[in-house]
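Summary of structural features
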Amino acid sequence: MKKFLKGILAATMVCTMTAALAGCGSDEKDKLVMATNAAFPPYEFYEGDTIVGIDAEIAAAIAEKLGMDFAIEDMEFDAIIPAVTSGKASMGMAGMTVTAERLENVDFSDTYATGVQVIIVKEGSSIQTVDDLLADGASHVVGVQTGTTGDIFTTGDIEEAGLGTVERFNKGADAVLALTQGKVDCVVIDNEPAKQFVSANEGLTILDTEYAVEDYAICFAKDSELTEKVNGALQELIADGTVQAIIDKYISAE
Ligand code: ARG
């Protein structure tokens, strides 16, 4: 028994010593774990079994710069902030908009992209502008992805204002499917995924008027020491053109 314990102790010590030098088991490098919702092209989506996209590539470049291992955890969008605040993930990166409400629970990096909430309708819809949604006496069914700013804004502006109802879906693509099936009258979602969903479905169009313009950033647990490190790496990747090159790879310039 004693011998056995000693053996464990020795193994642990070797492991600890080695860890300091070259690594031991899976703790060899700190790991940057990015929580995301990989149903949001071109920022994060599946290509086969792999999650790719603008956020995935920027985050991988940040991890490389910081000499950290990198992993992506895919989850529902509204699970990302809880994963970050509970320490299950090091950061959340998901085309996530900086909002005052979210800032009460997390810190954000500098912004690395702009998002626009747009409205997708069926071609020929009676909804032609944002104002049609917000007009006195309006009564529409609006599809959104749960927990997104599209959800938050329309819940306030439309549902709580008595101008219609909001149908919440786990994925933006499911909201768009409901639109093609006539179950919702429009979908409020970020412009880049909107473009992809519209080009993948016949008979849909994006209204010219914008619902809201927002900043995307990476979120962290409050007062995390990672915020400054990641932000520094992000700044370098913005300055040397890496971030723009990644964006250009996924979004063709208009
Ligand atoms: N920009 C919106 C927000 O922050 C939507 C983001 C959705 N992202 C995703 N990966 N599903 O609420």
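Residues numbered from 1 in each chain as written. Predicted model: local features only at pLDDT ≥ 70, side-chain atom pairs only at ≥ 80, totals over all residues. Heavy atoms only, no water.

Further remarks concern the nonpolar core. Most often, soluble globular proteins have nonpolar side chains that are buried together. Formed by 30 residues in total, the largest nonpolar core has its most connected members in Ile58, Ile62, Met91 and Ile218. Mapped onto this core, the elements with two or more residues apiece are strand E1 (31-36), helix H2 (54-66), helix H9 (226-239) and helix H10 (242-250). Top element by residues in this core is H2. It accounts for six residues. (Core = buried A, V, L, I, M, F, W, Y, C linked by side-chain atoms within 4.5 Å. Buried < 20%, exposed > 50% of the residue type's maximum accessible area, 1.4 Å probe, protein only. Helix = DSSP H or I, 4+ residues; strand = E, 2+ residues; numbered from the N terminus.)

Let us now look at the site of the ligand. Around the ligand sit 15 residues, and of these Asn37, Ala94, Gly95, Thr149 and Asp190 come closest. The backbone of alanine 94 places a nitrogen or oxygen atom 2.7 Å from a nitrogen atom of the ligand. The side chain of glutamine 145 places a nitrogen or oxygen atom 3.0 Å from a nitrogen atom of the ligand. Starting from 350 Å² of accessible surface for the ligand in isolation, the protein chains cover 100%. A per-class count over the shell around the ligand returns five nonpolar, six polar and four charged. (Near = heavy atom within 4 Å. Polar contact = N/O pair within 3.5 Å; in protein donor to acceptor, adjacent residues only side chain to side chain. Areas by Shrake-Rupley, 256 points an atom, 1.4 Å probe, with all protein chains shown as cover. Nonpolar A, V, L, I, M, F, W, Y, C, P; charged D, E, K, R; others polar.)

It is worth spelling out the packing of aromatic side chains at this point. All told, the structure shown has four aromatic pairs when counted by the stated rule. Aromatic side chains tyrosine 43 and tyrosine 216 sit 5.2 Å apart centroid to centroid with 85 degrees between the ring planes, which places their arrangement in the edge-to-face category. Of this pair, tyrosine 43 sits in the loop between E1 and strand E2 (45-47) while tyrosine 216 sits in strand E12 (residues 212-216), and the two are 173 residues apart along the sequence. For the pair shown, tyrosine 43 and tyrosine 216 are each scored as buried. (Phe/Tyr/Trp six-rings, centres within 6.5 Å; stacked < 30°, edge-to-face > 60°.)

Further remarks concern the packing of H2 against H10. It is at 9 Å that the axes of H2 and H10 come closest, and there the two elements cross at 155 degrees. One way to sum up the angle between H2 and H10 is to call them roughly antiparallel. The hand of the H2/H10 crossing is right-handed. Residues Ile54, Glu57 and Ile58 of H2 pack against Val243, Ile246, Ile247, Lys249 and Tyr250 of H10. Considered class by class, the residues forming the contact of H2 with H10 number six nonpolar, no polar and two charged. (Axes fitted to C-alpha atoms, helices over the stretch in contact; angles between N-to-C directions. Parallel < 35°, antiparallel > 145°, perpendicular 65-115°, else oblique. Left-handed = near helix turned anticlockwise from the far one by under 90°. Contact = heavy atoms within 4.5 Å.)

On to unusual backbone geometry, then. In the segment running from proline 41 into proline 42, the intervening peptide bond is cis, with an omega of 5 degrees. Within the secondary structure, proline 42 is located in the loop between E1 and E2.

Side chains that differ in sign of charge can pair as their charged atoms come close. For the structure on display, the rule yields six salt bridges. One salt bridge connects lysine 65 with glutamate 236, and the closest N-O pair in it is separated by 2.9 Å. Separated by 171 residues along the polypeptide, lysine 65 in helix H2 and glutamate 236 in helix H9 bring together distant segments of the chain. Judged by its relative accessible area of 38%, lysine 65 falls in the partly exposed class. For glutamate 236, a relative accessible area of 45% corresponds to the partly exposed category. As a salt-bridge pair, arginine 168 and glutamate 159 come within 2.9 Å of each other at their nearest N and O atoms. Assessed through its relative accessible area of 36%, arginine 168 is described here as partly exposed. (Salt bridge = Lys/Arg side-chain N within 4 Å of Asp/Glu carboxyl O.)

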